[in-house]
Amino acid sequence: MQTIQVRTTQNVFIHYPVASVGDRILAHLLDQLIKFIYVLAAGILLYNADIENEWVWILIIGVPWLLSTLLFEILMNGQTPGKRVLNIKVIRMNGTPASIGDYILRWIFSLIDFGILSGAIAVIIIAAGGKGQRLGDLVAGTAVVKLTEQKEITADEILVPAEHANVPTFNQA
């Protein structure tokens, strides 16, 4: 499994497992399914309400469909519903959470990654690069990583009891 090595400010290296191409494709397909269900439901509602104004259709269906990935990543801290189900997340290459600017860059380049050849460009770049990044990730300096279960650490594992056989050398001290 590929990993990304991140150096923290305390000079500690953390290894994040890179999300696999399969996980990313499945997350994308789940997000597309959610978009399809939304468009279908909104279309039925608008049709039954006899709304014929094109701008209303564009505003209610087109804008959310276009911006949904960007808004989900901003509001859900680097995850879309598909990414949350598969337990993957967008982070910066230095290990910090991605910023709104990073999400916007990823979204702009997703139009190239997924708009041309239906995602084949993204799959090729992810498979060819070493860090599991698509074009939008390369430009934004981000990566999609697999979140691992954190083991809970108890006080017994951190604190080491002192030896009771300790004899003080200087009693006055």
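Structure's up top.
Below you will find a few notes about this structure. (Residues numbered from 1 in each chain as written. Predicted model: local features only at pLDDT ≥ 70, side-chain atom pairs only at ≥ 80, totals over all residues. Heavy atoms only, no water.)

Comments concerning a nonpolar patch on the surface
Together, Tyr38, Trp55, Ile58, Leu59, Ile60 and Val63 line one region of the surface with nonpolar side chains, adding up to about 600 Å² of accessible area. In terms of residue count, the dominant contributor to the nonpolar patch is helix H2 (residues 54-75) (five residues). (Patch = residues over 30% accessible without salt bridge, like charges linked within 9 Å, V, L, I, M, F, W, Y side chains within 5 Å. Areas by Shrake-Rupley, 256 points an atom, 1.4 Å probe, with all protein chains shown as cover. Salt bridge = Lys/Arg side-chain N within 4 Å of Asp/Glu carboxyl O. Helix = DSSP H or I, 4+ residues; strand = E, 2+ residues; numbered from the N terminus.)

Brief notes about the packing of helix H4 (residues 100-115) against helix H5 (residues 120-128)
Direction vectors running N to C along H4 and H5 enclose 100°, while the axes themselves pass 5 Å from each other. Looking at the two axes, H4 sits roughly perpendicular to H5. Residues Ile112, Asp113 and Phe114 of H4 lie in contact with H5, whose contacting residues are Ala120, Ile121 and Ala122. (Axes fitted to C-alpha atoms, helices over the stretch in contact; angles between N-to-C directions. Parallel < 35°, antiparallel > 145°, perpendicular 65-115°, else oblique. Contact = heavy atoms within 4.5 Å.)

A short note on the environment of Leu105
Structurally, Leu105 can be placed in helix H4. Accessibility expressed as a relative area gives 31% for Leu105, which makes it partly exposed. Linking Leu105 and Val21, residues 84 residues apart in sequence, is a C-alpha distance of 20 Å. In contact with Leu105, not counting residues within four places along its chain, are Val139 and Ala140. (Buried < 20%, exposed > 50% of the residue type's maximum accessible area, 1.4 Å probe, protein only.)

Keep in mind these values describe shape, not function.
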